[in-house]
Amino acid sequence: VELACVMCRGMGKVSLAGCAVSDTAVSTLVAWAPELRQLDLSFAEGLTDLSAQALATGAKALTDLRLRCCPLSDEAVRELVHRRARDGVNMELPEAWLARSLEWGPAGDKGTVVRWRRALEVQPGTDVTPSHARGVALVVTHVSVLDLSRCSSLDGEAARWLARLPELRELSVAFCNRMRLADLSSASKGWPALEALDMEGTWIAGGPGDPAALRQLLGRCRRLRILNVNRTSFS
């Protein structure tokens, strides 16, 4: 980023979406790219509230800022909202895109519960994809209950992101028919607290590795009390 700023001080549009970006990189952009108008940091890992503070007060030419699923605190987001109101900057804040398809909130002693929004009329863009799983892992902390049943676009990539939810106690991927047992078994290393797993209808054709994969999952999830494998190759 520093090299780009030195060589191209007139940069007006920068996309670092999906990159491992540090607060130092953002501060460098703010300080050394005075003509920066559009910045996309969607899904950027490594950012903290320091980046939000720099963007809330600097980058005076900024007109468009994308922060989809960036791990920022509520306080940092409030500072950005103030900048948006003050300067008319078009912003996509961390949770806005996720909230179109998912809903979450505290539920008593179960911690944070995340569910797919099941509207009678599904609006364009509300389908849950692997990117939503990535967003949950980055933005919605302390997830205990996750219901993604019938989200048919989810696959092995989604499972890899769900593995980053160590407090998960209940998970439903029922009828996510692109999700293979091997994907869930691999992800299970990140679920030491898992107590209930609903895999109904997740995979149809059993492969030779399925029994070993199931044994591996059960070995990793020692607290598992409820396992639903109806309508799978084991039912």
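A few points on the structure. (Residues numbered from 1 in each chain as written. Predicted model: local features only at pLDDT ≥ 70, side-chain atom pairs only at ≥ 80, totals over all residues. Heavy atoms only, no water.)

This brings us to the pairing of strand β7 (residues 143–147). One face of the sheet, then the other: side chains in a regular strand alternate in exactly this way. Of all five residues making up β7, five are buried, and the element is well covered by its neighbours. Examined bridge by bridge, strand β6 (residues 112–116) and β7 share four bridges and lie parallel to one another. Considered in β7, the bridge of valine 114 is made with leucine 146. Pairing analysis gives three bridges linking β7 to strand β8 (residues 170–172), with the strands arranged parallel. Opposite leucine 146, over in β8, you have leucine 171 as the bridge partner. For the handedness criterion, the β-α-β arrangement of β7, helix α6 (residues 156–162) and β8 is classed as right-handed. (Buried < 20%, exposed > 50% of the residue type's maximum accessible area, 1.4 Å probe, protein only. Helix = DSSP H or I, 4+ residues; strand = E, 2+ residues; numbered from the N terminus. Pairing = 2+ DSSP bridges. Right-handed = clockwise from strand over helix to strand, strands pointing away.)

Attention shifts here to the packing of aromatic side chains. Under the definition given, this model contains one aromatic pair. Measuring from ring centre to ring centre gives 5.7 Å for phenylalanine 43 and tryptophan 97, while their planes differ by 85°; the resulting arrangement is edge-to-face. Residue phenylalanine 43 is located in the loop between β2 (38–40) and α3 (49–57), and its partner tryptophan 97 is located in the loop between β4 (90–92) and β5 (102–106); the two are separated by 54 residues in the primary sequence. The ring of phenylalanine 175 has arginine 150 sitting right over it, with the charged end atom 4.3 Å from the ring centre. (Phe/Tyr/Trp six-rings, centres within 6.5 Å; stacked < 30°, edge-to-face > 60°. Lys NZ or Arg CZ within 6 Å of the ring centre and 35° of its normal.)

For the rest of this paragraph, the subject is the nonpolar core. Most often, soluble globular proteins keep nonpolar side chains buried together rather than apart. If you look at the biggest cluster of nonpolar residues, it comprises 44 residues, and the most contacted ones within it are Leu146, Trp191 and Met199. Elements with a minimum of two residues in this core: β6, α5 (130–139), β7, α6, α7 (181–187) and α8 (210–220). Looking at this core element by element, the count peaks at five residues for α5. In contact with methionine 199, not counting residues within four places along its chain, are Val173, Ala174, Leu181, Leu184, Leu214, Leu227, Asn228, Val229 and Thr232. One finds Val30, Leu55, Cys70 and Leu72 within the second-largest nonpolar core, a separate group that totals 30 residues. (Core = buried A, V, L, I, M, F, W, Y, C linked by side-chain atoms within 4.5 Å. Contact = heavy atoms within 4.5 Å.)

This next bit is on the pattern of salt bridges. Taken as a whole, this structure holds nine salt bridges when the rule is applied. Aspartate 87 is the salt-bridge partner of arginine 86, the closest N and O atoms lying 3.1 Å from each other. Here arginine 86 falls in the partly exposed class, since its relative accessible area comes to 44%. Two residues, glutamate 200 and arginine 231, come together in a salt bridge whose shortest N-O distance is 3.3 Å. Of the two residues, glutamate 200 is situated in the loop between β9 (196–198) and α8 and arginine 231 in the segment after β10 (226–228); the sequence distance between them amounts to 31 residues. A residue is classified by how much of its surface remains accessible, and glutamate 200, at 16% relative accessible area, is buried. For arginine 231, a relative accessible area of 56% gives the class exposed. Beyond isolated ion pairs, a larger network of salt bridges with shared partners links Arg83, Arg86 and Asp87. (Salt bridge = Lys/Arg side-chain N within 4 Å of Asp/Glu carboxyl O.)

Attention now moves to α3. Taken together, the buried positions of α3 are occupied by Ser51, Ala52, Ala54, Leu55 and Ala56. Buried positions along α3 lie against α2 (23–32), β2, β3 (64–66) and α4 (74–87). In the segment just after α3, alanine 59 is the residue with positive phi, at about 50°.

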